[in-house]
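Here's the letter readout for the chains.
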Amino acid sequence: MNYSEYLSKKIHTIESLKKQINAWRLLDKKIVFTNGCFDLLHRGHIDYLSKAAGFGDIIIIGLNSDASVKKLKGENRPINDEQSRAMILAALCFIDAVIIFNEDTPLSLIKLIKPDILVKGGDYSLKNIVGSDFVIDNGGEVKIIDFLPGYSTTIIEAKIKGLT
């Protein structure tokens with residue numbers, strides 16, 4: 001088996017994701033959605049993503065594009081380009097689909113996917129989660145997962161720079 005090809009199939013365009021979602025819906029799969037930059041994948045990310053995946057049958061990750069990461073995190077980010085970050089996420093056995101988005105928020109993706117469960121990290125409250133109203137209004141749920149203390153890209157970046 002060509003694993004690179006297999007992983008590439010987990011990285012979607014809007015059109016391929018629409019087809020895949022239709023197939024999952026026909027199989028009555030519960031779809032989970034979350035999003036983020038996932039720049040330097042670390043134990044905190046794995047903890048968060050594995051817990052999110054556990055809420056349903058399928059998990060789709062909305063990955064911030066390089067341009068949107070730069071807007072959110074500053075000129076020195078991302079450290080890894082969007083294709084590398086997408087491939088690393090796709091390599092996780094519990095991730096079913098990855099889609100890169102350019103917008104400031106994943107609202108259009110959430111409206112396209114109509115997830116059964118929307119998941120965000122513990123630094124968010126329900127009222128601050130983009131798309132939460134849409135998901136709830138469509139019969140879905142919103143889950144907030146506490147972060148694993150001591151693990152963050154910012155901490156790793158500081159260590160690399162010798163600041164800690």
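Look up: the structure comes first, before these words.
Residues numbered from 1 in each chain as written. Predicted model: local features only at pLDDT ≥ 70, side-chain atom pairs only at ≥ 80, totals over all residues. Heavy atoms only, no water.

Novice: Help me understand the overall build of the protein chain, please; the structure alone is not making it clear to me.
Specialist: Check the secondary structure of the protein chain and you find eight helices and six strands. Mapped in sequence order, the helices and strands of the protein chain form the string α-β-α-β-α-β-α-α-β-α-β-α-β-α. For 164 residues, the compact-globule estimate of 2.2 N^0.38 gives 15 Å, and the protein chain sits close to it at 16 Å. Based on the C-alpha atoms only, the size of the protein chain along its principal axes is roughly 50 × 45 × 25 Å. For the protein chain, with 164 residues in total, the buried portion stands at 41%. Within the protein chain, contacts between residues separated by at least 24 positions form 72% of all contacts whose residues are at least 6 apart in sequence. Carbon together with sulfur atoms contributes 53% to the accessible area of the protein chain, which is approximately 9,000 Å² in total. Computing the positive centroid from 21 side-chain charges and the negative centroid from 20, the protein chain places the two 2 Å apart. (Helix = DSSP H or I, 4+ residues; strand = E, 2+ residues; numbered from the N terminus. Rg over C-alpha atoms; globule rule 2.2 N^0.38 Å. Buried < 20%, exposed > 50% of the residue type's maximum accessible area, 1.4 Å probe, protein only. Contact = heavy atoms within 4.5 Å. Areas by Shrake-Rupley, 256 points an atom, 1.4 Å probe, with all protein chains shown as cover. Lys, Arg positive; Asp, Glu negative; His and termini not counted. Charge placed at Lys NZ, Arg CZ, Asp CG, Glu CD.)

Novice: It is not clear to me how a nonpolar patch on the surface should be interpreted in this structure. Could you clarify?
Specialist: The grouping of Leu 126, Ile 136 and Ile 144 at the surface amounts to a nonpolar patch, some 240 Å² of accessible area in total. Mapped onto the elements of the fold, Ile 144 is located in strand E6 (residues 141-145). (Patch = residues over 30% accessible without salt bridge, like charges linked within 9 Å, V, L, I, M, F, W, Y side chains within 5 Å. Salt bridge = Lys/Arg side-chain N within 4 Å of Asp/Glu carboxyl O.)

Novice: Would you mind showing me how to read unusual backbone geometry here?
Specialist: Negative phi values dominate among residues other than glycine, just as trans dominates among peptide bonds. Between Arg 77 and Pro 78 the backbone carries a cis peptide bond, its omega angle lying at 5°. The residue Pro 78 is located in the loop between helix H4 (66-73) and helix H5 (82-90) in this model. A positive phi angle, close to 45°, is found at Phe 38, a residue other than glycine. Exposure remark for Phe 38: the relative accessible area of 7% places this residue in the buried category.

Novice: Is there a simple way to explain the nonpolar core in this structure?
Specialist: Grouped burial of nonpolar side chains is what soluble globular proteins tend to show. Formed by 20 residues in total, the largest nonpolar core has its most connected members in Leu 49, Ile 61, Leu 89 and Val 98. Mapped onto this core, the elements with two or more residues apiece are helix H3 (43-53), strand E3 (58-64), H5 and strand E5 (117-121). Sequence-distant contacts of Val 98, that is, excluding residues within four places in its chain, are made with Lys 10, Ile 11, His 12, Ile 61, Leu 63, Ala 86, Leu 89 and Ala 90. Ile 99, Phe 101, Ile 113 and Val 142 belong to the second largest nonpolar core, which has 17 residues in total. (Core = buried A, V, L, I, M, F, W, Y, C linked by side-chain atoms within 4.5 Å.)

Novice: What am I meant to see in the side chain of His 45 here?
Specialist: Within the secondary structure, His 45 sits in helix H3. For His 45, the residues in contact, after removing those within four places along its chain, are Phe 38, Leu 40 and Thr 153.

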